[in-house]
Amino acid sequence: MWLGVDYYPEQWDPSLMEADMDTILEMGGNVIRIAEFSWHLMEREEGRYDFSFFDRVISLAKEKGLKIIMGTPTAAIPAWLAKKHPVILSQLENGRRRSFGGRHVYCFNSPVMYEYSEKIIRALVGHYTGERQIVAWQIDNEVGHEGSDLCWCPRCHRAFQRFLKEKFDGDIHRLNDTYGAAFWSQEYNGFDEIPMPAETVAAHNPALRLDWERFRSRSIVRFMEFQAGLVREMDPEALVLHDFPGGGLDKHVSYADVAKSLDVAAYNNYPVWGGQKEPIPPHEIAFGLDYIRGLKRRNFWITEAIMGAQGHDTTGFLPRPGQAKMWSYQGMAHGCESMMYFRYRGAVKGAEQFCRGIIDADNVKGRKFYEVQSFFRDISQYGEAMEAPIRSDVAIVYDYDSLASFRIQRQSVLLDCQNEMKKLYKAFYDVNVPVDVIPADADFSGYRVVLLPQLIIVKSEFHKRAEAFVRKGGVLVLTCRSAVKDADNNIPFGRPAPVGFTGLAGVTVAEAESLQDLDAFPLTGQGAFSGSRGSGGIFRDMLTVQDAETLYRYGDAFYGEYAAITRKKQGSGTVYYLGCGMDEAVTAKVMAAIMADGQIETTPSPGGVEIVTRGAGDRRVRMLINHNDHETEAGGVLLGPFACVIQPVGCGGQAQP
């Protein structure tokens, strides 16, 4: 288990370095993460590589007994490179070139970026090959973050046209037919006529826009594969990781595809940032953690854990005493097996002056230092349990193409696919059922319950796997806007929604509408749910039932004939169709029925208390995590505000919170 800090010694007087490392050791750290933004320090002039500064850092770390996570510095190109090759800079949609000065300002399709990245990576990794103090290599930093996943430059335009030419085997007529380009006279005579879907009057073709989204993702994935391959070529023993930012489901890149080239998926976990009034809810933090674990379906690292207030230009909420430490426990509960805090010391210069560290700019050990020290001391006792894999019986499945389809045509101003996932996720979180959040190409055959929220694009291969899952006894959950489009983002002709699932679900969608309210209509329980009432909104499918059981109907004047929520038994399996956005109470009731059908064991707990079991065999432990700002009793234990208690499973003893 690696426990440590993100350390930027190049930003401080070198005379502080030894004392800093002694302080990190005093905290209980055993690793430092360095060098991810230091290209200019390594190559002040083109081709003149100098790694002497980091030689000294690593030498001192070795003397002190600290291991190293080393970063490739490509996230922040040097000024001399931007000056010599301004074409390396990405462009905004209006055609204006991004200015040098931030980070991630390069174009992912720039041959210059590839050329110079290869040179610095070969020089850097080659210099340190065989250096046993380095335990992992981090490639780039938070790829695709802060809008860097989009570029509208001429290189990207030409690359997009090549992407389409390859996809359609050079047949422009096939592209025209696939896109339905006869609409609005958008037929092309050649691939060199195809535009990027930049701002226009009305809207671009949805099929074109989906291919643009795929192209954007492929551009980034290819660059990350390139870096991972270089590191492994230079050092075959290297452990390669990348630190993903939050909000991955909203990016124009598939992080699941990026993760395929990595040994470890890492996460920068910020439950609160910038001008947020308060942290995001506990279940949303947990969802983000489970999403990162699902990228490789293995435990992950947290490379940036919050301890102080954060923000670039706007200072954020200061975590209350014990709260950031509690988030660290939550990270470990959801599959983190190594953790670094951002950052060791708060900056006094540069854009992150208000990103507070463990130690502030005054260089005084305060409350935050002792919280980290306490956490490192406590969690290091449970390394074996924290490194054990997590097994879940429930999976939420997402699909990059489907998410992109909703970015292209949102359909309802209130529809946010990630939020809809989190609403369903919360029902499981509230009864302490572990959930994997996984990409659509992952194997889900071993789960008991699989949810497909807003999976609007369903390919035939996926449909076959879903049907096999049900036939073998699984519980499959479809939602409104499931299986509406084909792989090209078009609506299939002559096939009712949910396309390909009508027989399996026992329903067809007769009509559909977007709502501009969360509680736009009443829901009335039927059968086993008789007497239950609630409300729905956002979007709804009017369901005509063939051979399914109606659980809720729409209760408004004109559409009471239609089912809203249905269930169909398929041998030993079950298929649910959730035809609308549901209020929290109805969601909880329906999810409880789904869990019962899937024979999912639940663990009730007081509001705001999370109970998680980690480990295997006689090394299992139970973590009781209090997200409340007040004392709460759970499992016979009085938990202080933001406290975590770890208990060996089956024993009466407990660890010190």
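If you're wondering where the values come from, they're calculated on a predicted model, not measured in any experiment. (Residues numbered from 1 in each chain as written. Predicted model: local features only at pLDDT ≥ 70, side-chain atom pairs only at ≥ 80, totals over all residues. Heavy atoms only, no water.)

Novice: What is the right way to look at the sheet that holds strand β1 (residues 3-6) in this model?
Specialist: Remark on secondary structure: sheet strands pair via backbone hydrogen bonds, oriented parallel or antiparallel. One closed barrel holds the eight strands; their spatial order is β1-β2-β5-β6-β7-β8-β9-β10, and the pairing between them is parallel. Neighbour to neighbour, the strand axes of the sheet diverge by 30° on average, direction disregarded. Direction of pairing for strand β5 (residues 67-71) relative to strand β6 (residues 134-138): parallel, over a ladder of four bridges. Bridge pairing in β6 links Ile 68 to Ile 134. Strands in contact with helix α5 (residues 111-128) are β5 and β6; relative to β6, the strand with the most contacts, it is inclined by about 170°. Strand contacts of helix α10 (residues 282-296): β7 (240-244), β8 (264-269) and β9 (300-306), with the helix running at about 165° to β8, the strand carrying the most contacts. (Pairing = 2+ DSSP bridges. Helix = DSSP H or I, 4+ residues; strand = E, 2+ residues; numbered from the N terminus. Axes fitted to C-alpha atoms, helices over the stretch in contact; angles between N-to-C directions. Contact = heavy atoms within 4.5 Å.)

Novice: What's the story with the pattern of salt bridges in this structure? I'm lost.
Specialist: A side chain with one charge may pair with a side chain of the opposite charge, provided their charged atoms come close. In total, this model carries 49 salt bridges according to the counting rule given. Note that Glu 420 and Lys 423 form a salt bridge whose closest N and O atoms lie 2.9 Å from each other. Here Glu 420 and its partner Lys 423 are both found in helix α15 (residues 417-429), three residues apart, which amounts to about one turn of the helix. One network of salt bridges, with partners in common, ties together Lys 167, Asp 211, Arg 214, Asp 399, Asp 401, Lys 459 and Asp 488. (Salt bridge = Lys/Arg side-chain N within 4 Å of Asp/Glu carboxyl O.)

Novice: Explanation requested: the sheet that holds strand β22 (residues 609-614) in the structure shown.
Specialist: Strand order in the open sheet made by the three strands is β22-β23-β26, with antiparallel pairing throughout. Since the sheet does not close on itself, it has two edges, and those belong to β22 and β26 (644-648), each with one partner. Neighbour-to-neighbour, the strand axes of the sheet open up by a mean angle of 15°, direction not taken into account. Here five bridges tie strand β23 (residues 621-626) to β26, and the two strands are oriented antiparallel to one another. Note on β26: the bridge partner recorded for Arg 622 is Gln 647.

Novice: Help me out: how do you make sense of the packing of helix α11 (residues 323-333) against helix α12 (residues 367-379) in this one?
Specialist: For any two helices packed against each other, one specifies the inter-axial angle together with the distance between the axes. Remark: α11 packs on α12, axes separated minimally by 10 Å, with the N-to-C direction vectors making an angle of 30°. The angle between α11 and α12 falls in the class roughly parallel. As α11 runs across α12, the sense of the crossing is right-handed. Each of Lys 325, Ser 328, Tyr 329 and Met 332 in α11 lies in contact with α12, whose residues at this interface are Glu 371, Ser 374, Phe 375, Asp 378 and Ile 379. Here the contact of α11 with α12 is composed, by residue class, of four nonpolar, two polar and three charged. (Parallel < 35°, antiparallel > 145°, perpendicular 65-115°, else oblique. Left-handed = near helix turned anticlockwise from the far one by under 90°. Nonpolar A, V, L, I, M, F, W, Y, C, P; charged D, E, K, R; others polar.)

Novice: I tried to follow the layout of surface pockets on my own but got confused; where do I start?
Specialist: If a probe the size of a water molecule is rolled over the atoms, the empty space left behind becomes visible. Put simply, the second largest pocket is a space of about 830 Å³. When residues of the lining of the second largest pocket are traced back to their parent elements, those giving at least two are α10, α15, β22 and β23. The element contributing the most residues to the lining of the second largest pocket is β22, with five residues. Its residues assigned to classes, the lining of the second largest pocket comprises 13 nonpolar, seven polar and 10 charged. (1 Å grid on protein atoms, 1.4 Å probe; cavity = no way out; pocket = protein on both sides within 12 Å on 5 of 7 lines; lining within 4 Å. Points joined across faces, edges and corners; volume = space filled by probe spheres on them.)

Novice: Mind showing me how you'd approach the nonpolar core here?
Specialist: Where a protein is soluble and globular, its nonpolar side chains tend to be buried together. If you look at the biggest cluster of nonpolar residues, it comprises 190 residues, and the most contacted ones within it are Ile 32, Met 70 and Leu 476. Considering every element that reaches this core, the biggest residue donor is α5, with 10 residues. With 21 residues, the next largest nonpolar core counts Trp 152, Phe 168, Ile 172 and Met 196 among its residues. (Core = buried A, V, L, I, M, F, W, Y, C linked by side-chain atoms within 4.5 Å. Buried < 20%, exposed > 50% of the residue type's maximum accessible area, 1.4 Å probe, protein only.)

Novice: What am I meant to see in the packing of aromatic side chains here?
Specialist: Aromatic ring pairs are described here by two measures, namely the spacing of the ring centres and the angle between the planes. A complete count under the given rule lists 35 aromatic pairs for this structure. Taken together, a centroid distance of 5.2 Å and an interplanar angle of 90° make the contact between Phe 53 and Phe 54 edge-to-face. The class for Phe 53 is buried, based on a relative accessible area of 11%. Ring centres 5.4 Å apart and planes at 50° place the aromatic pair Phe 529 and Tyr 552 in the tilted group. Taken as a pair, Phe 529 in the loop between β16 (521-525) and β17 (533-545) and Tyr 552 in strand β18 (residues 549-554) lie far apart in primary sequence, 23 residues in all. (Phe/Tyr/Trp six-rings, centres within 6.5 Å; stacked < 30°, edge-to-face > 60°.)

Novice: Honestly, the confidence of the model for the protein chain in this entry has me stumped. Any pointers?
Specialist: Mean pLDDT over the protein chain works out to 96, with 99% of the residues at or above the 70 mark. pLDDT under 50 marks residues 652-657. Its contacts with residues more than four places away, or in other chains, come to 15 contacts. (pLDDT = per-residue confidence, 0-100.)

Novice: Looking at this structure, how should I read the side chain of Asn 109?
Specialist: Positionally, Asn 109 belongs in the loop between α4 (79-84) and α5. Looking at Asn 109, its side chain comes within polar contact range of the side chain of Ser 219, at 3.1 Å. With near-sequence residues (within four places) excluded, Asn 109 lies in contact with Arg 155, Cys 156, Ala 159, Phe 215, Arg 216, Ser 219 and Arg 222. (Polar contact = N/O pair within 3.5 Å; in protein donor to acceptor, adjacent residues only side chain to side chain.)

Novice: Would you mind showing me how to read helix α6 (residues 154-167) here?
Specialist: Because an α-helix packs 3.6 residues into every turn, residues spaced three or four apart end up facing the same way. Between its first and last C-alpha, α6 extends 20 Å over 14 residues, near the 20 Å set by a 1.5 Å rise per residue. Residues of α6 that are buried include every one of Arg 155, Cys 156, Ala 159, Phe 160, Gln 161 and Leu 164, and no others. Its buried side turned inward, α6 meets α5, α7 (172-179) and α8 (206-234). Immediately downstream of α6, the backbone of Asp 169 shows phi near 50°, a positive value. (Expected span 1.5 Å × (residues − 1).)

Novice: Sorry if this is basic, but what is going on with the environment of Phe 215 here?
Specialist: Structurally, Phe 215 is set in helix α8. By relative accessible area, which is 4% here, Phe 215 ends up buried. Measuring from C-alpha to C-alpha, the distance between Phe 215 and Ala 159 comes to 8.6 Å, with 56 residues separating the pair along the chain. Contact partners of Phe 215, with chain neighbours within four places excluded, come to Asn 109, Cys 156, Ala 159, Phe 160 and Phe 163.

Novice: So what exactly am I meant to see when it comes to the environment of Phe 168 here?
Specialist: Considering the arrangement of structural elements, one finds Phe 168 in the loop between α6 and α7. Taking the C-alpha atoms as reference points, Phe 168 and Thr 178, separated by 10 residues in sequence, lie 9.5 Å from one another. Not counting chain neighbours up to four residues away, the residues in contact with Phe 168 comprise Arg 174, Leu 175, Thr 178, Tyr 179, Phe 191 and Asp 211.

Novice: Would you take a moment to explain empty space enclosed by the protein for this structure?
Specialist: With the rule as written, the count across this model stands at four cavities of 30 Å³ or more. Considered as a void within the structure, the largest cavity measures approximately 120 Å³ in volume. Taken together, Glu 420, Lys 423, Leu 424, Pro 453, Gln 454, Thr 479, Cys 480, Leu 578, Cys 580, Gly 581, Met 582 and Thr 587 make up the lining of the largest cavity. Counting only elements with at least two residues in the lining of the largest cavity, the list comes to α15 and β21 (580-582). Here the lining of the largest cavity is composed, by residue class, of six nonpolar, four polar and two charged. If you add up the space inside the second largest cavity, you get close to 40 Å³. Elements that contribute at least two residues to the lining of the second largest cavity include exactly β9 and α11.

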